[in-house]
Every structure is written in C-alpha cells, then in structure tokens.
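Understanding the architecture of this molecule
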Amino acid sequence: MAAANVPPAGKLPATAKRVQNIGDLALWQRSRAYHDLIGYINGTSSAIQGIKTTDEMYESEMLKKLLGLFESLESLVEQNPPLEQPQRFGNKAYRDFAQAMREQVPAWLDQLLTPGKQRYHSELVQYLLESFGNATRIDYGTGHELSFMFFLCSLFKAEILQEQDIVSAALRLFNRYLDFARQLQRTYNMEPAGSQGVWSLDDFQFVPFIWGSAQLAVNSPFDPSKFVDEQVISDYKDQFMFIGCIDYICKVKTGHFGEHSNQLWSITDVPSWVKINAGLVKMYQKEILSKFPVIQHVYFGELMSFETVSPGTTISNVRLGQLAPPPSKRICIGAPGLLPPVPATVTAPPPAEALISDLNVGDSSSESSDSSVVLRASTSSASLVAEGSGDKSHKPAAAGEAAKDQAAE
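All figures in this text were calculated on a predicted structure; none of them were measured in a lab.

Moving on, we come to the packing of helix α2 (residues 32–47) against helix α6 (residues 142–157). Packing of α2 against α6 leaves a shortest axis separation of 10 Å and a crossing angle of 85 degrees. Considering their axes alone, α2 and α6 lie roughly perpendicular with respect to each other. Touching Arg 32, Ala 33, Asp 36, Leu 37, Tyr 40 and Ile 41 of α2 are Leu 146, Met 149, Phe 150, Leu 152, Cys 153, Phe 156 and Lys 157, all from α6. Here the residues of the contact of α2 with α6 sort into 10 nonpolar, no polar and 3 charged.

As structure tokens, then:
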C-alpha cells in the first residue's frame, strides 16, 4: 500500500493531498514528512531554550528576505479592507485578499530562490499559500499553521535556510507569521477551523505553545503557576511566545480564564516547563496530527514526502532543561550524498495521550536519550531524522493511564 505513494525513479512527486481516508492516517504517521516534522519541532525546541524572542540573534540574508514577504502580504491586506456586512464572522473581503495572495506569492517566492533551488518552487508555494486560511469558509486553524510548519521544515531540507538559522526561523520568522495570522483573524473576523473550544489549547494556534514552553525550559523568570497573572503577562508577552499567546487569548475572550481556556488553566498545576513541553508535543501528535479532518487537507511533495520511512526509524525526542549545545553540535546539515547514513533504532511511535496524562509521565530529559535533529541525504532530498546518543540503557517511562479523548471534532 505504501509503495503506491513512492514516485517512479527519476520523477519528482506531485505536490498533492495523500490522506484520502481514515486508514491513510497510519501511512501518514509512518511517513518521512511526519518524522521530519517532529524532528524539526523538537530540534528547534532544544535550540531556543533560554532565548527570549526579543534577544539579539543571527539573521541570514535569506531569512531577512523571507521576513520581507510578510511586509508584502500586509500590503495586500491594506489593499483589501474589510467590507461593511451584517454577519459577525467571515468578512468576504478575505476572499479578495486570498485571490491577490495566490496571484502574487509565486512571483515573490520565485525572486527569492536561486537557480539551484527552483525545483522546489511549486512545493514551497503550495505550503505557503495554504498557511493563511481557507477562502471558501473564511476560517483559520491548526491545519493552516501545520502548512506553515511544512514550509519552514522544507526550507531547511532544501538548504535554503542553514543550520545557523534554526533559532531565528522560530523566534523571528515563525513569530512574524504568528503576528500576521492574528492580523488576518482580527481584520476579517475569521472563524476558527474545527475549533475544539475549551478542550483544546487555543481556537487557532498550537505550535507557539510548544516552542514558547521550550523557551522557558531554562532560566525561566516565573513558574508555570504564574503565567496567567496579569503582571507576568504584561512583563513577558513580547519575550516569550507562550505568554504572547496567553495575552492574545485574554484580549479576544472574556470571562474567567479557567472557563474559556480549561486546558491551559490546568497547566498551571504542572511543576515544570520541561514537563509542559513534553505533554504539549504528545498532545499535538494526538489532537492535531492524528485527526483526519486536519490531515486530509495537507499537501505532500518531494521535500515533505509521504514515502514510508524504513522500519524502525526513530521518532525524535528532545531533552530540555539544560542549555542547548552550539549549532555545530546540535544539527548537522550537509549537501545530499556527502553525509553517511544514520543507523535507525527500533522504536514505536509514542502513544497518543491526553495532555494532562502526558504531563504526568515524567520529565522528558529522563525518559529518552539525548536526541538531535540531523539533516542528511535521502534518495530524493535531505531528511530530518532523529539521532540518539547510542546509550541503550535509556528506556521510555511507562505512560500513565490514558485520559478520555476530550476533543469533540
């Protein structure tokens, strides 16, 4: 079954949706794209520990050019102001913005890519265009955020961004995307796509909670119990993505925080940001990456491949709670064909458990060997894979009793 998704030798795979039914979710969870995505998220989490969003950091010329895309996108919003209309949600002017974006983005991205990277143009355009919402429903959700994660991961796999960009790609480029997505939500009164209400983290986003908790895993100026305090929000909303998300929620929702954001409220009882991060990654795998209504809309191509990984390929874990190693020790990026293959170790995908259960299974730094993200050659393009320390004595801790599936699709 998986072999049908592998393109013939010498042909680039078409960028297309691959998850057609519930059964295809198992193929997705064994795909190269799934493993690369988790590896990228966890590798970035390790890299940004203890770093504030406002800190000085390296920004390559390419990353600056990518940031410039959002200035161009903002100009399209200005050219397509919201219409006066009676309905509360879904301002129809968004459709004009979306049409203008689809006409302009391919040319903008074409100008950024060097001749050697033009082969990735159509795939990158597809991921970027899918990152800002749906023009038919005029909604936005975690599936659109996932498409932007595919875009970021692809930039590294295609070596358009390099290893030294990993911090700024999260704290500059992704954060810029987050600000713009919120601008779209407010300007066009976009509906949450498949919102899970109080049983999820947020109506629109998920990844900034993962990376925001990683920022706080080292030298956090406050404990998890304090992140809903007004003074903490005021002082740190610009410095940590997690608090920025809390600030945004408090601006768009009314009432007691524990009522409109039950899952986030429950996190205040978790003793460490390391445990919070571990639980959020598992929740992301279950509540977003394992849901057919989300993944059925995802596009796959050469860089984010639906090809099944080799049996026993490791799903990356991350060790938090200590300062990240320098980039040369954390991530290895080389030209395709120049790096030796990384031996796979047999491990099963992590169990999908509800957040609160996950947050109590133990510190992630004691559950797995030190893992890093490695970019290496594969048959068609570079791949992000997990590389363990080689210490076989580390075994996953037994998971706590799985909680009920709280999400209502």
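We are not done yet, so read on.
If you check helix α13 (residues 273–287), its first and last C-alpha atoms are 20 Å apart, about what 15 residues at 1.5 Å a residue would give, namely 21 Å. Judged by how many residues are buried, α13 sits mostly within the fold: 14 of 15 residues are covered.

With that settled, consider the confidence of the model for the chain. For the chain, per-residue confidence averages 78 on the pLDDT scale, and 74% of positions sit at 70 or higher. Predicted confidence for residues 1–10 stays below pLDDT 50, and this span has 8 contacts to residues more than four positions away or in other chains. Note on residues 327–409: pLDDT is under 50 here. Beyond four places in sequence and across chains, it has 180 contacts.

For any two helices packed against each other, one specifies the crossing angle of their axes together with the interaxial distance. As a packed pair, helix α3 (residues 61–79) and helix α4 (residues 93–112) sit with axes 10 Å apart at the nearest point and diverge in direction by 155 degrees. Here α4 runs roughly antiparallel to α3, going by the angle between their axes. Between α3 and α4 lies a crossing whose hand is right-handed. Contacts between α3 and α4 involve Met 62, Lys 65, Leu 66, Leu 69, Ser 72, Leu 73, Leu 76 and Val 77 from the former and Phe 97, Ala 100, Met 101, Gln 104, Val 105, Trp 108, Leu 109 and Leu 112 from the latter.

Conventions adopted
Residues numbered from 1 in each chain as written. Predicted model: local features only at pLDDT ≥ 70, side-chain atom pairs only at ≥ 80, totals over all residues. Heavy atoms only, no water. Axes fitted to C-alpha atoms, helices over the stretch in contact; angles between N-to-C directions. Helix = DSSP H or I, 4+ residues; strand = E, 2+ residues; numbered from the N terminus. Parallel < 35°, antiparallel > 145°, perpendicular 65-115°, else oblique. Contact = heavy atoms within 4.5 Å. Nonpolar A, V, L, I, M, F, W, Y, C, P; charged D, E, K, R; others polar. Expected span 1.5 Å × (residues − 1). Buried < 20%, exposed > 50% of the residue type's maximum accessible area, 1.4 Å probe, protein only. pLDDT = per-residue confidence, 0-100. Left-handed = near helix turned anticlockwise from the far one by under 90°.

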